[in-house]
Amino acid sequence: MKLRDEGIDIAKGLGIILVVFNHVPYNNLNVQQFVASFHMPLFFFLFGLTSMLKATRLSAFKELVPYGLMQFKRFLVPYFIFAFIYWDLNAQNIINILYGQPLAIIWFLLTMFLSSIFFNFILILITKIPGVRRIPQYIPLLGGAVILFIFGICLKYLLAFLPISRYPWGGDIAVVATAFMLTGAALKQIYEKIKIKRICSLIIGAMLLISVYFVAINDPIIYEQSYSHRVVMSTALYGMYPMFVYTGLAGSLGILLLSAAIKKLKVLSWLGRNSFGVMILHYWYPLYISTRIVNLTGLTGATLLYPFLNTVIAMILCIPMILLINWACPFLFGNNVNQVKGCLK
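Residues numbered from 1 in each chain as written. Predicted model: local features only at pLDDT ≥ 70, side-chain atom pairs only at ≥ 80, totals over all residues. Heavy atoms only, no water.

Asker: Summarise the overall build of the protein chain; cite the residues concerned and give the values.
Answerer: The helix and strand inventory of the protein chain stands at 17 helices and zero strands. Radius of gyration (C-alpha) of the protein chain: 20 Å, near the 20 Å computed for a compact globule of 345 residues. If you line up the protein chain on its principal axes, its C-alpha atoms span 65 × 55 × 50 Å. Each of the 345 residues in the protein chain was classed as buried or not, and the buried ones make up 52%. Put simply, of all contacts in the protein chain between residues at least 6 apart along the chain, 80% involve residues at least 24 apart. When the accessible surface of the protein chain is summed, it comes to about 16,500 Å², and 70% of that surface belongs to carbon and sulfur atoms. Between the averaged position of the 26 positive side-chain charges in the protein chain and that of its 9 negative side-chain charges there is a distance of 10 Å. (Helix = DSSP H or I, 4+ residues; strand = E, 2+ residues; numbered from the N terminus. Rg over C-alpha atoms; globule rule 2.2 N^0.38 Å. Buried < 20%, exposed > 50% of the residue type's maximum accessible area, 1.4 Å probe, protein only. Contact = heavy atoms within 4.5 Å. Areas by Shrake-Rupley, 256 points an atom, 1.4 Å probe, with all protein chains shown as cover. Lys, Arg positive; Asp, Glu negative; His and termini not counted. Charge placed at Lys NZ, Arg CZ, Asp CG, Glu CD.)

Structural data, given as structure tokens:
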């Protein structure tokens, strides 16, 4: 059995390109909103999907403890290391790091840690429901996703009645992320059937992304509120929430189906396998250097060529650092030696 699905690696590669692209300052609000409406949900969606494709999964609640320790090494060790690299060591920053303030892109590590635990807890819980084996697997998964989507937005609005501005470690965001994971898990069978037919994958994927674009740019809250120019999942700014749920799911599935149609593209596949490294590193020195290089050309954020060139340069600058860390200290990316061998191929 293949250890990795190349279509999923390509989807991660496309996703990380979109993440870097939208971290470059540019002035096209429609494109910003389109990308932001699904580029982070995509990674949670793919986590759920790949978890269901694995041969072994957790089957008892007692297994959550060793699993949690494994996820601690995978996500929290890099979180704390890079948090102290990104920010000065002063009392306020230490408090922010421990509380889980949205510190640049590494908020994703906290959210992935919490949501992966929630996700596996729910998978185990579902197996304990009497008679659940007699119904299609996707039904309880989608049911759980609906409940969590509703619970997540309720937690957001509950903040108005609490003496805090954000839940510790972004717990409410992790609930929404878990809902995307459950949906990805539920759609495993659909993905396996559709990906076989490349033309079908291409057409449906393109149609989904086109629908996402028109839904995203017509979000009334994003365009009326002055506090945000686009969806920002790290701070629970979702715009019109039902529209965010649709664009997050449809955009994720659209990217996945396009990736299945593309199949073999080594550059995207490599980026997908190393998306963790790009996610953490690009916000550090690569974007800082790339913006100064591109600014020398006279280009501005008024043209899409500006974020495109910044993205290309920033990702190229990430490559030597990723190779070095994978070779010398893979724990910085939450990897062990065996995982690194797969990333370097």
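Asker: I'd like a rundown of the environment of K128, residues and numbers included.
Answerer: You can see K128 is positioned in the loop between α6 (107–127) and α7 (138–158). Expressed as a C-alpha distance, the spacing of K128 and A60, which sit 68 residues apart in the sequence, is 9.4 Å. If sequence neighbours within four positions are ignored, K128 has contacts with S59 and F61.

Asker: Can you tell me about the packing of helix α4 (residues 64–86) against α6, naming the residues and giving the values?
Answerer: Two measures define how a pair of helices packs: the angle their axes make with one another and the distance between the axes. Packing of α4 against α6 leaves a shortest axis separation of 8 Å and a crossing angle of 165°. One finds that α4 runs roughly antiparallel with respect to α6. For the pair α4 and α6, the sense of crossing is right-handed. Together, L64, Y67, G68, Q71, F72, F75, L76, P78 and Y79 of α4 and L109, L110, M112, F113, S116, I117, N120, F121 and I124 of α6 make up the contact between the two elements. Its residues assigned to classes, the contact of α4 with α6 shows 14 nonpolar, four polar and no charged. (Axes fitted to C-alpha atoms, helices over the stretch in contact; angles between N-to-C directions. Parallel < 35°, antiparallel > 145°, perpendicular 65-115°, else oblique. Left-handed = near helix turned anticlockwise from the far one by under 90°. Nonpolar A, V, L, I, M, F, W, Y, C, P; charged D, E, K, R; others polar.)

Asker: So what's going on with the nonpolar core? Which residues, and what values?
Answerer: Among the nonpolar cores identified, the biggest contains 75 residues, and F44, F108, M233 and Y238 are the most heavily contacted of them. Beyond its immediate stretch of four places on either side in the chain, Y238 contacts I153, K156, I173, V176, D219, V231, M233 and F244. (Core = buried A, V, L, I, M, F, W, Y, C linked by side-chain atoms within 4.5 Å.)

Asker: Give me the lowdown on the packing of helix α8 (residues 171–186) against helix α12 (residues 241–262), citing residues and values where you can.
Answerer: Closest axis-to-axis distance for the α8/α12 pair is 11 Å, and the angle between their directions is 40°. When the axis of α8 is compared with that of α12, the two are oblique. The element α8 and its partner α12 pack so that their crossing is right-handed. Contact residues: V176, F180 and T183 in α8; Y241, F244, V245, G248 and L249 in α12.

Asker: So what about the side chain of T247? Which residues, and what values?
Answerer: Within the secondary structure layout, T247 lies in helix α12. Classification of T247 by relative accessible area gives buried; the value is 3%. One polar contact links the side chain of T247 to the main-chain carbonyl oxygen of F244, over a distance of 3.1 Å. Beyond its immediate chain neighbours, meaning those up to four positions away, T247 contacts S37, F38, V212, V215, A216 and S252. (Polar contact = N/O pair within 3.5 Å; in protein donor to acceptor, adjacent residues only side chain to side chain.)

Asker: Residues and numbers for the environment of P41, please.
Answerer: With respect to the helices and strands, P41 occurs in helix α3 (residues 41–53). Overall, P41 belongs to the buried group, its relative accessible area being 0%. In this structure, the C-alpha to C-alpha distance between P41 and F80, residues 39 residues apart in sequence, is 23 Å. What P41 contacts, discounting residues up to four positions off in sequence, is F180, M233, F244, G248 and S252.

Asker: Break down a nonpolar patch on the surface for me, with residues and values.
Answerer: On the surface, L305, F308, V312, I316, I319 and L323 cluster together into a nonpolar patch covering about 500 Å² of accessible area. If you trace the backbone, I319 turns up in helix α16 (residues 305–328). On the basis of relative accessibility, which here comes to 32%, the residue I319 falls in the partly exposed class. (Patch = residues over 30% accessible without salt bridge, like charges linked within 9 Å, V, L, I, M, F, W, Y side chains within 5 Å. Salt bridge = Lys/Arg side-chain N within 4 Å of Asp/Glu carboxyl O.)

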